[in-house]
Amino acid sequence: MADNVYEKYGLNDAVPRHVAVIMDGNGRWAKKRGMNRSMGHRAGMERIRGLITLSDRLKIEVLTLYAFSTENWKRTAAEVGLLFDLIVEYFIREIDELCENNVRIRVLGDIAPLPQKSRDALNAAIERTKANTGLILNLAINYGARAELTRAVNALLSENVQSAEFDDIASRLYTGGLPEVDLLIRTGGEKRLSNFLLLQAAYAELLFTDDLFPDFDEDRYAFCIKEFQQRNRRYGGV
């Protein structure tokens, strides 16, 4: 089955090295169905497995998912608490399969303000998968690109660096050592980056889809990869 995945979706092997996804539309998905927003977040969590599986089968190196932004603290305490509870639930349920599939977990963002159970779940997942050599799964949690840049600059200042090149800054980002984003997808119909990987996505292909995230299945993800393969990336050339 894995050998036929490119044929199944009409893809070639020139897949993006690094795909980033802004997972938007969970709440609206639930509202359309007369459900509580919490059901939308649960449905979105179920969708993550398919993205990871297809990314792995396509030999994509890095998948970064925007799970919780620095601005999401503005939501109700109940919704924020649910999102953090889902992190714990996700790793309890999925960690064995992630390990079996050689997935390595990394976290982008400052998780210090998270509840202890959520921090413990994340740290345990990072520790358990740190030796894995397959797909790198970045979870952007309490992440904001401006805060990330500020953190990197402060790191340079603390090291008494007098003059910095871009590579000096890039190496101090949460994504230091990883390839830059090739394809950035946002679900939910909105057309903005929302403070997500602004430096890493400088030359990314952007794709905005009206699919609410719980509806963004493997077929829709593969469609985005196919769209990426049809674009001409010139990097300022002709």
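What counts and how
Residues numbered from 1 in each chain as written. Predicted model: local features only at pLDDT ≥ 70, side-chain atom pairs only at ≥ 80, totals over all residues. Heavy atoms only, no water. Helix = DSSP H or I, 4+ residues; strand = E, 2+ residues; numbered from the N terminus. Expected span 1.5 Å × (residues − 1). Bend = angle between axes of the 7 residues up to and from the residue. Pairing = 2+ DSSP bridges. Axes fitted to C-alpha atoms, helices over the stretch in contact; angles between N-to-C directions. Salt bridge = Lys/Arg side-chain N within 4 Å of Asp/Glu carboxyl O. Buried < 20%, exposed > 50% of the residue type's maximum accessible area, 1.4 Å probe, protein only.

## A few points about helix 4 (residues 77-100)
Between its first and last C-alpha atoms helix 4 spans 35 Å; for 24 residues at 1.5 Å apiece the expected length is 34 Å, and the two agree. In the structure, helix 4 departs most strongly from a straight axis at Glu94, where the bend amounts to approximately 55 degrees. Asn102 occupies a position one or two residues after helix 4 and carries a positive phi of about 65 degrees.

## Concerning the sheet that holds strand 1 (residues 18-22)
Spatially, the six strands line up as an open sheet ordered 3-4-2-1-5-6, and their pairing is parallel. The outermost strands of the open sheet, each flanked by one partner alone, are strand 3 (104-108) and strand 6 (205-208). The average undirected angle you get between the axes of adjacent strands in this sheet is 20 degrees. Of the pairings in the sheet, the one linking strand 3 to strand 4 (residues 136-143) comprises five bridges and is parallel in character. When the bridges of strand 4 are listed, Arg104 appears paired with Ile136.

## Regarding the pattern of salt bridges
A full pass over the atoms with the stated rule returns 19 salt bridges. Two residues, Arg93 and Glu46, come together in a salt bridge whose shortest N-O distance is 2.8 Å. One end of the pair, Arg93, is in helix 4; the other, Glu46, is in helix 3 (residues 37-57), with 47 residues separating them in the sequence. With relative accessibility at 38%, the residue Glu46 sits in the partly exposed group.

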